[in-house]
Amino acid sequence: MWLDLSFEWKMCFSLAWEAFCKGCTPVGAIIVDKNNRVVAKNRNGDGTIFHKRISHAEMNVLSNISSFTNIEDLVLYTSLEPCVMCFSAIYVQKIKRLCYGTRDPHAGGTFLYKCNPYFSIRHMDIIPLQNDEYSFVNAILLILHEMQGREANDLIEYLNAWNEINILFVNTAKKIYSNMNQFPSNSNVGEVYNYIASYNQ
């Protein structure tokens, strides 16, 4: 549950929840230094540099570290596996350690690592979080967002991608979506997290 999460993952989910509340795809990202201090944080749709369609959490948080000289000491945490654009930017920025909370079956881009000579130049640690509950909660929040905004035909394709990972994600999101009047949208982020997690009991 919420109290069991480390501060890095709490921050990422909190930022993702902010994005969800603003009508953006719920993704949050932070960057920490070698002393585990947060040096940058951001969410989807909250950048001032990029157009809204490419204002992804990872792109936004990378734009906050342009003054750093020891990039290789930094670690990027993100609630969702970065897309192709964001993963490429992380790699180009020379971030050596990437941690993500939930695999993205629809647009995940970490497969690029080692896929060709360019993406094989530098060593990179790509670490998916081994926490089924966090993955579950993130996935549900993402699917709920898409259910609220996607056209029916696009939504079917999107949900099919998630079904290939875990049909429980989609079924649970549908169940919560059908009772959105009970969703604790005005509660604090910990209560929202625990509410979604309770469906995984």
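Described below are features of the structure shown in this document. (Residues numbered from 1 in each chain as written. Predicted model: local features only at pLDDT ≥ 70, side-chain atom pairs only at ≥ 80, totals over all residues. Heavy atoms only, no water.)

Here's the deal with the environment of Phe-169
Where we set the bar: Numbered from the N terminus, helices here are DSSP runs of H or I no shorter than four residues, and strands are runs of E no shorter than two. In this description, contact between two residues means that some pair of their heavy atoms is separated by no more than 4.5 Å.
The residue Phe-169 is located in helix α6 (residues 167–177) in this model. Once residues within four sequence positions are removed from consideration, Phe-169 is found in contact with Ser-135, Phe-136, Ala-139, Ile-140, Ile-143 and Trp-162.

Quick notes on unusual backbone geometry
For residues that are not glycine, phi is negative in most cases, and the peptide bond is trans in most cases. Stated precisely, the cut-off is as follows: Burial status follows relative accessibility: with a 1.4 Å probe on protein chains alone, a residue under 20% of its type maximum counts as buried, one over 50% as exposed, and anything between as partly exposed.
At Asn-36, a position not held by glycine, the phi torsion is positive, near 65°. Among the secondary structure elements, Asn-36 is positioned in the loop between β1 (28–32) and β2 (38–43). By relative accessible area, which is 33% here, Asn-36 ends up partly exposed. Phi at Lys-94 is positive, roughly 75°, even though this residue is not glycine.

What to know about empty space enclosed by the protein
Here is the rule we go by: A pocket, in this scheme, is an open set of points on a 1 Å grid over the protein atoms alone with protein on both sides within 12 Å along at least 5 of 7 lines, while a cavity is a set where a 1.4 Å probe fits but cannot get out; residues line either one if an atom lies within 4 Å of a point. Grid points are joined across faces, edges and corners, and a volume is the space filled by probe spheres set on the points. Gly is placed with the polar residues, together with every amino acid not listed as nonpolar (Ala, Val, Leu, Ile, Met, Phe, Trp, Tyr, Cys and Pro) or charged (Asp, Glu, Lys and Arg).
Within this structure, the stated rule accounts for 1 cavity of 30 Å³ or more. Of the pockets and cavities examined, the largest cavity occupies roughly 40 Å³. Forming the walls of the largest cavity are Tyr-91, Lys-94, Ile-95, Lys-96, Arg-122, His-123 and Met-124. Within the lining of the largest cavity, the residues separate by chemical class into 3 nonpolar, 1 polar and 3 charged.

Focus on the sheet that holds strand β3 (residues 75–80)
The condition that has to hold: When DSSP locates at least two bridges between a pair of strands, those strands are taken to pair. Angles shown run from 0 to 180 degrees and are taken between the N-to-C directions of axes, each axis being a line fitted to C-alpha atoms and, for helices, limited to the stretch in contact.
Ordered in space as β2-β1-β3-β4-β5, the 5 strands form an open sheet in which the pairing is mixed. Edge strands, defined here as strands with exactly one partner in the open sheet, are β2 and β5 (125–128). Geometrically, the sheet is characterised by an average inter-axis angle of 15° between neighbouring strands, direction not taken into account. Bridge analysis of β1 against β2 gives 5 bridges, and the strand direction is antiparallel. In the strand pairing of β2, Ala-29 is matched with Asn-42. Set on the sheet, helix α1 (residues 7–21) makes contact with β1, β2, β3 and β4 (97–102); between it and β1 the angle comes to about 145°. Packing against the sheet, helix α4 (residues 132–149) makes contact with β3 and β4, and its axis sits at approximately 70° to β4.

Read these as layout, nothing more, since geometry by itself doesn't imply function.
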